[in-house]
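# Chain and residue survey
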Amino acid sequence: MAEPLSAAKFLAALKAEGVKVVEVGNWRTHNRNSKGAWGPVNGVMVHHTVTKGTAATVKICRDGHSTLPGPLCHGVVAKDGTVHLVGYGRANHAGLGDDDVLKAVIAEKPLPAANEATVDGNARFYGFECENLGDNKDPWPAAQVEAMVRTAAALCRAHGWGKDGTTSVIGHKEWQPGKVDPRGPGVSMPDIRARVDERLEHAASWKPGTSTPPPSKPKPPTTEARLSSLEKRVTALENGA
């Protein structure tokens, strides 16, 4: 449980994790804070959009529609892995969810099956909509999934989440009964959580397939430094004699 990051720290965390970011309009102040709480935050939630085309997806996630005003998330993860920031603060993405799931997220314990919708998730989760038709056929490109992993890891790292378990990162389908997102070839929440967990074992700049370089060994002293040290020891001995 934590206070939400400032917009500046949120952006800095994403960039430090290697996320390619596009800032859309007045995203830092575009929110639904006047309609309810924003925080304390407990985790990161990922969704699929049931849309096609990045420009159209970003527009609807920023503006919303007649029955659900925007923003509909904090960031849109495009097929190419770019994250378009469309809002910050309370956003209409999570809706009501299961209080037992929230307790598991806070404790970073295994998630129970969601069977009720009683808790306001819009106050408690960062939300990312991912461009996908949601028909269980539209494939998830590797670049997009990697961006999802890095985005979630960035926020876990910034808040210190992930030390006791991996469930600070959940899918919408794990929060609210009846939801199915995210789904489709190339995406799974257990895989995303495992990859986030792996990232958190390394520096934010880490790239999969590489190891974190060991600390550099100190350089050996120069001849001049060794002579100076020897001279000091001799002087100390003479003074003590």
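Residues numbered from 1 in each chain as written. Predicted model: local features only at pLDDT ≥ 70, side-chain atom pairs only at ≥ 80, totals over all residues. Heavy atoms only, no water.

All chains considered together, the criterion is met by nine aromatic pairs. Their ring planes at 15° and their centres at 6.3 Å tell us that Phe 10 and Phe 128 sit as a pair that is stacked. One end of the pair, Phe 10, is in helix H1 (residues 7-16); the other, Phe 128, is in strand E9 (residues 125-130), and 118 residues separate them in sequence. Relative to Tyr 88, the ring of Trp 27 has its centre 6.0 Å away and its plane inclined at 85°; by these criteria the two rings are edge-to-face. One end of the pair, Trp 27, is in the loop between strand E1 (21-23) and strand E2 (43-48); the other, Tyr 88, is in the loop between strand E6 (83-85) and strand E7 (96-97), with 61 residues separating them in the sequence. Taken individually, Trp 27 and Tyr 88 each receive the classification buried, so the pair is uniform in this respect. (Phe/Tyr/Trp six-rings, centres within 6.5 Å; stacked < 30°, edge-to-face > 60°. Helix = DSSP H or I, 4+ residues; strand = E, 2+ residues; numbered from the N terminus. Buried < 20%, exposed > 50% of the residue type's maximum accessible area, 1.4 Å probe, protein only.)

Once that is clear, we can look at the packing of H1 against helix H4 (residues 142-159). For the pair H1 and H4, interaxial distance at closest approach is 8 Å and the crossing angle is 125°. With respect to H4, the axis of H1 lies oblique. Read as a crossing pair, H1 and H4 show a hand that is right-handed. Counted together, Phe 10, Ala 13 and Leu 14 of H1 and Thr 151, Ala 154, Leu 155 and Ala 158 of H4 form the full contact between these two elements. Of the residues contributing to the contact of H1 with H4, the split by class is six nonpolar, one polar and no charged. (Axes fitted to C-alpha atoms, helices over the stretch in contact; angles between N-to-C directions. Parallel < 35°, antiparallel > 145°, perpendicular 65-115°, else oblique. Left-handed = near helix turned anticlockwise from the far one by under 90°. Contact = heavy atoms within 4.5 Å. Nonpolar A, V, L, I, M, F, W, Y, C, P; charged D, E, K, R; others polar.)

Turning next to helix H5 (residues 189-199). Listed in full, the buried residues belonging to H5 are Met 189, Ile 192, Arg 193, Val 196 and Arg 199. An end-on view of H5 places all buried positions within 120° of arc, on one side of the element. Buried residues belonging to H5 abut E2, H4 and strand E10 (169-171). (Arc of directions from axis to C-beta.)

Here the focus is the side chain of Arg 32. Considering the arrangement of structural elements, one finds Arg 32 in the loop between E1 and E2. Here Arg 32 sits buried without a salt bridge, and the closest side chain of opposite charge, Asp 120, lies 11 Å off (N-O distance). With residues near it in sequence (within four places) discarded, Arg 32 still touches Pro 69, Gly 70, Pro 71, Arg 90 and Asn 92. (Lys, Arg positive; Asp, Glu negative; His and termini not counted. Salt bridge = Lys/Arg side-chain N within 4 Å of Asp/Glu carboxyl O.)

Once that is clear, we can look at the pattern of salt bridges. Inspection of every chain in the model, using the stated rule, returns 12 salt bridges. The residue Arg 157 makes a salt bridge to Glu 17 at a minimum N-O spacing of 2.8 Å. With a gap of 140 residues between them, Arg 157 in helix H4 and Glu 17 in the loop between H1 and E1 connect regions that are remote in the sequence. Given a relative accessible area of 29%, Arg 157 falls into the partly exposed group.

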